[in-house]
Each structure stands twice: as structure tokens, then as C-alpha cells.
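# Tertiary structure, described
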Amino acid sequence: TDDILRVEGLSTRFFTEQGQVNAVSDLDLRIERGEIVGIVGESGSGKSVTARSIVDLIESPGRITDGEIWFDEPDLAEAVRDDHPDAVDGDYVNLRAVPERVRDSLRGSAFSMIFQDPESSFNPSLTVGEQLAEAVEVQRRASANPRSTRARTNSEAYSMSNFLLSTVLPSQRYVSESSRERAVELLELVGIPDPIERADEYPHEYSGGMLQRAMIAQALAGEPDVLIADEPTTALDVTIQAQILDLLDDLQAETGMTILLITHNLGVVARMCDRVGVMYAGEIVERGHLTDVFDDHVHPYTEGLLGSIPDLEGVGGRLEPIPGNVPSLLDHEMADRCHFADRCPKAMDECLEHPPEYDAAGSEEHAARCVLTEMAYDESRALPADYFGETT
Ligand code: SF4
Ligand code: MG
């Protein structure tokens, strides 16, 4: 397989006054070049923290405490091999093992990120065109001198700091004519009508859907290999959502870029993704190809998300929210057992004794973190008589 990104054993913690919050625990994720991979889960499941961890946007009191993030970037591997031999494996670079300036140099060109809330990516006092041109300019300078630390653009500083104005760097006033032209091209690429005129408008003059397109344009300024989209359509009405998803799909097909799509919406996953990871309480509890997860899911949480948990009393098939609450992710409150046990209609004594391992569910790609998967697919384990009636 041609993996562009491999996340191994990622853990991200937040050190709060209430204690240590285990937002992401021991997470593995593999993304092939040119794929659209989804991470789906309820809010608070750790999917945004996962995305931000990959692009190194975790801020205090949060910190990545464990794991490796391997990125297929042969030029970078070559450049850092001598100074950081442990950070290189063939063409792959472990982004956790290189200095921050190296990670910074990848932002925008190797990875880009778009968010739910486009306002946070734009400075209200500069025109959209100026900000896109600036993003293009910064990426061009960075690629002319890839090992240098590049400055953050105004708009990046915005999105990273959520309007912490103190961190906004003085604007880099020199922007070349060709960067301005490229800004207009980017607006056109993302389907903004009259891009020459719209480039001279300020963010508040754009509608929500248009600003979302402009944010995508900004993310594309450095021609990233991987675009990470965190709930990119959640704030938009349904028609506009569909248009933005179509745009991402088209851009993926045109540019061959890889997309990691973070969403709470299974419909979005079904429409867009090749493979998907279902996230719950900081863990990917089931992963596989779309059909594995939608048609052949084995984890009770996935069943619940899909609204098809058969009622054990025999009512069956009713569409209702999964009862119960997401468990505390505070380390001192976290029980050493399946995180889903309190809400799981299939929980049994063993689920309370230790956290379930990650087990292959019939195919290499399809796996789940559930005692029942181990029982169903591990021949040394017995399967309960009432489980997986339809599975051979
Ligand atoms: Fe349910 Fe047990 Fe599986 Fe957890 S391990 S999801 S409690 S059956
Ligand atoms: Mg989120």
C-alpha cells in the first residue's frame, strides 16, 4: 500500500485543574495517498484533537504524550536523515521526532487544515484576496527555501490562536503580482463567482458558504498533499453543505490530494469516504472500508451510531439515540475496562475486567476494539450463542 500518513500509538492529554484528560488514547490511523478517510464520532470523542495533533496544533494545557506520526515525504527524509536518523524510515519522517521548525515548514505545503468556522481563519480587516495572496507568497518563499523556518501568515496565526490578537504577526506587506493572480485563480478553483471582484471584498461581505470556499482556497494555497477537514460543513445549511462536499470531492479528483475528513455525520462519511474510523471516548473503536463499517460492523457502538441496535428485549430496529453518557476522560475517573460498557446493550462481565484489545474482524482492514470481536474472530475463543446470528 502507498500510505502517505501513518499514525501509530498517538495519545494526546490535556492537563487541566480537574486532572489529566485523556482526549486521545493509543490511536492508530493509516491513510493511503489519494484516499478520503473519515473519522466519525460524537462531539467530545476526540476526533478534532486527533486532527489537530497530526498537524501539531495542540495548545497548552494539551500535549501529545505518546506516539509517532510518519509522513511520506522523501525530500524531507533526505534533508533530516543526517541530523535525526531515528526520525527517518525510508521515505517516511516521524514528525514527532523532528524539531518544531521542521514541522512548521510542512504546514500548508504538506498538510493543510480547514475548520468548521471559517471566520476564525480570516482577519476581518484585510480583504480575502490580500489574505490568499499572502498565503501564496509565504508558501512560495517557504518552498524556495524549504529548510528555513517560515513565518506564519496573519490568517494562520488567526486560526491557530482563535483571535488571540497578541499573537498576530505584522503583516508581510510585500505581495507579488503573481501571488495576487494566484489568489484569484484559487477563488475561481473553489467556485467563487466573479473572483476578481470578490478578491477585493472583506470576509464579512462573504456568505457562510462562500467564506467556507475561501477557506478551502486558502488551505490549497500551498498545494498540500493532505487536506484535513474538521467538520467542514457542520455550520452550513443542507444545500450549501452538499455543494461544499461536492467541491471537496472534485478538488480531490482533480489534484489527487488526500483528505482526512472529520465529522459527526455518517451521511457525510457514506457520501465521501473510502475508509472510515469510528471514534468513541478517545479511541477508534472500529475501522474499515465503508462497507465493513456500514454493512458488516461488529462494534456495538457502531451499531448504535447507525441507529440499529437491536433491543435485547426483542423490540428491535428502533431508531433512537444511544442511551447513557459518554464516560469521563479524566484519567483518575477512567475505569480500566471497555469505555463503552455503560452504554453497551451487549456488555458482559468480561467487558468490565479489562479494556478490549483491537482485533481484526474478518479482514485486514476491518478491526474493532470489542470483546465480542475477539470472540467471533479468534478461533481460540467461544462465541456467545446469541451473538452474530447472521454471521457465519
Ligand atoms: Fe460492549 Fe463489551 Fe464490546 Fe465493550 S467490549 S463494546 S461493553 S460488548
Ligand atoms: Mg470537533
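Refer to the structure printed above.
Residues numbered from 1 in each chain as written. Chains lettered and ligands numbered in written order. Predicted model: local features only at pLDDT ≥ 70, side-chain atom pairs only at ≥ 80, totals over all residues. Heavy atoms only, no water.

### Here's the deal with the nonpolar core
If you look at the biggest cluster of nonpolar residues, it comprises 103 residues, and the most contacted ones within it are Leu 5, Leu 29, Phe 111, Ile 216, Ile 228 and Leu 260. With eight residues, the single largest contributor to this core is helix H8 (residues 208-220). Look past the residues within four positions of Phe 111 in its chain and what remains in contact with it is Leu 5, Ile 54, Val 55, Phe 71, Leu 95, Leu 106, Pro 224, Val 226 and Ile 228. (Core = buried A, V, L, I, M, F, W, Y, C linked by side-chain atoms within 4.5 Å. Buried < 20%, exposed > 50% of the residue type's maximum accessible area, 1.4 Å probe, protein only. Helix = DSSP H or I, 4+ residues; strand = E, 2+ residues; numbered from the N terminus. Contact = heavy atoms within 4.5 Å.)

### With respect to the packing of helix H4 (residues 128-144) against H8
The N-to-C vectors of H4 and H8 enclose an angle of 20°; their axes lie 8 Å apart at closest approach. Considering the angle they form, H4 stands roughly parallel to H8. Once H4 is placed against H8, the crossing between them reads as right-handed. Each of Val 128, Leu 132 and Ala 135 in H4 lies in contact with H8, whose residues at this interface are Ala 214, Ala 217 and Gln 218. (Axes fitted to C-alpha atoms, helices over the stretch in contact; angles between N-to-C directions. Parallel < 35°, antiparallel > 145°, perpendicular 65-115°, else oblique. Left-handed = near helix turned anticlockwise from the far one by under 90°.)

### A short note on the site of ligand 1
Not every one of the 13 residues close to ligand 1 is listed here, only the nearest: Cys 338, Cys 344, Cys 351, Cys 370 and Val 371. Class assignment of the residues belonging to the shell around ligand 1 gives a composition of eleven nonpolar, one polar and one charged. (Near = heavy atom within 4 Å. Nonpolar A, V, L, I, M, F, W, Y, C, P; charged D, E, K, R; others polar.)

### Concerning the sheet that holds strand S1 (residues 3-16)
Strand order in the open sheet formed by five strands is S2-S1-S4-S6-S5, and the pairing between neighbours is antiparallel. Bordering the open sheet on either side are strand S2 (19-32) and strand S5 (88-89), each of which pairs with just one other strand. Bridge count for S1 against S2 is ten bridges, and the pairing is antiparallel. By the bridge assignment for S2, Arg 13 is matched with Asn 22. Contacts between helix H1 (residues 47-54) and the sheet are confined to S1, S2 and strand S4 (62-72), with S1 contributing the most and set at about 115° to the helix. (Pairing = 2+ DSSP bridges.)

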